[in-house]
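Residue strings, one per chain:
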Amino acid sequence: MMAEEKKLAIASVPMQKWGSLYDQDEALRIGTIFKDLNMPFFAAEGAAPVDHSIEDALKDPDQKNRESRMKEIQEVSFVLDDLRLYLDTHPEDKEGLNMLKSMLIQRKKQIAEFAAECYPLTPDCMADIYEKEPDISGFCWQEGPAPWEGACV
C-alpha cells in the first residue's frame, strides 16, 4: 500500500489597493497607515491605556519639546516605511509616489530642525553642521543629553 501523496497548498492573496489612510499619529499607534490592513488582535483591545500625565508634568520643558519633535519624526518615518512596503508591489501608484515624495521632504526638514534646535540625529545632520561651521573643533554627537540621563534618543 502506497502512502497517500500529499499536495502542496496554493495561497491566493488579493492585490492591495490604495485606500483610506490613518493620520500619522494614529498610524504609528495602530501599526499601519492603511485602514484596510488594520486587523487588530482582539485581546489587546481590552488593555487599559497607560497614564503618563504625572510623569510628563515633572519633565523639563526642553525634554518635552525634544520628545514631541522626536515623536513627529517617528510618525513620519513609520509612514515612510509603510509606503515603501506598499510601493514594492505598486511601483507605478501615483498617489503612493506623491505621498512618499512629500513625506521624504517632511522627514528631512524635521530632522534638520531637530538637529539645529537640539542635537544631531544622523551623520547627515553632522555633515550639515560641519558644512555650516567648518571651524568646529569638536565631535558634535555629545551636544545632546545622553540617553541614560533621561533624554529622548
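Note that the structure is a prediction, hence the values are computed from the model and not measured. (Residues numbered from 1 in each chain as written. Predicted model: local features only at pLDDT ≥ 70, side-chain atom pairs only at ≥ 80, totals over all residues. Heavy atoms only, no water.)

Participant: For the confidence of the model for the chain, give the residues involved together with the corresponding values.
Facilitator: Averaged over every residue, the pLDDT of the chain is 81; residues scoring 70 or more account for 76%. Element-level mean pLDDT values for the chain span from 69 in helix 2 (residues 53-57) up to 94 in helix 4 (residues 94-117). (pLDDT = per-residue confidence, 0-100. Helix = DSSP H or I, 4+ residues; strand = E, 2+ residues; numbered from the N terminus.)

Participant: Let's hear about the pattern of salt bridges: which residues, and what values?
Facilitator: Charged atoms that come close allow side chains of opposite charge to pair. In total, this model carries eight salt bridges according to the counting rule given. A salt bridge links E5 to K7, with the nearest nitrogen and oxygen atoms 3.9 Å apart. One exposure class covers both E5 and K7, and it is exposed. Connected through shared salt-bridge partners, R69, K109, E113 and E117 make up one network. (Salt bridge = Lys/Arg side-chain N within 4 Å of Asp/Glu carboxyl O. Buried < 20%, exposed > 50% of the residue type's maximum accessible area, 1.4 Å probe, protein only.)

Participant: Explain the nonpolar core to me, and be specific about the residues and the numbers.
Facilitator: Membership of the largest hydrophobic core comes to 14 residues, with the highest contact counts inside it found for I33, L83 and M103. Elements with a contribution of two residues or more to this core: helix 3 (61-89) and helix 4. When residues in this core are grouped by element, the largest group, seven residues, is from helix 3. If we ignore the near neighbours within four places in the chain, the residues touching M103 are Q24, V76, V79, L80 and L83. In this structure, M70, I73, I111 and Y119 belong to the second largest nonpolar core, which totals seven residues. (Core = buried A, V, L, I, M, F, W, Y, C linked by side-chain atoms within 4.5 Å. Contact = heavy atoms within 4.5 Å.)

Participant: An account of the packing of aromatic side chains is requested, with residue identities and associated values reported.
Facilitator: Evaluation of the coordinates by the stated rule reveals four aromatic pairs. On the basis of an interplanar angle of 85° and a centroid distance of 5.2 Å, the ring pair of F114 and Y119 is categorised as edge-to-face. According to the relative accessible area criterion, F114 is buried, its value standing at 0%. Judged by relative accessible area, which is 7%, Y119 ranks as buried. (Phe/Tyr/Trp six-rings, centres within 6.5 Å; stacked < 30°, edge-to-face > 60°.)

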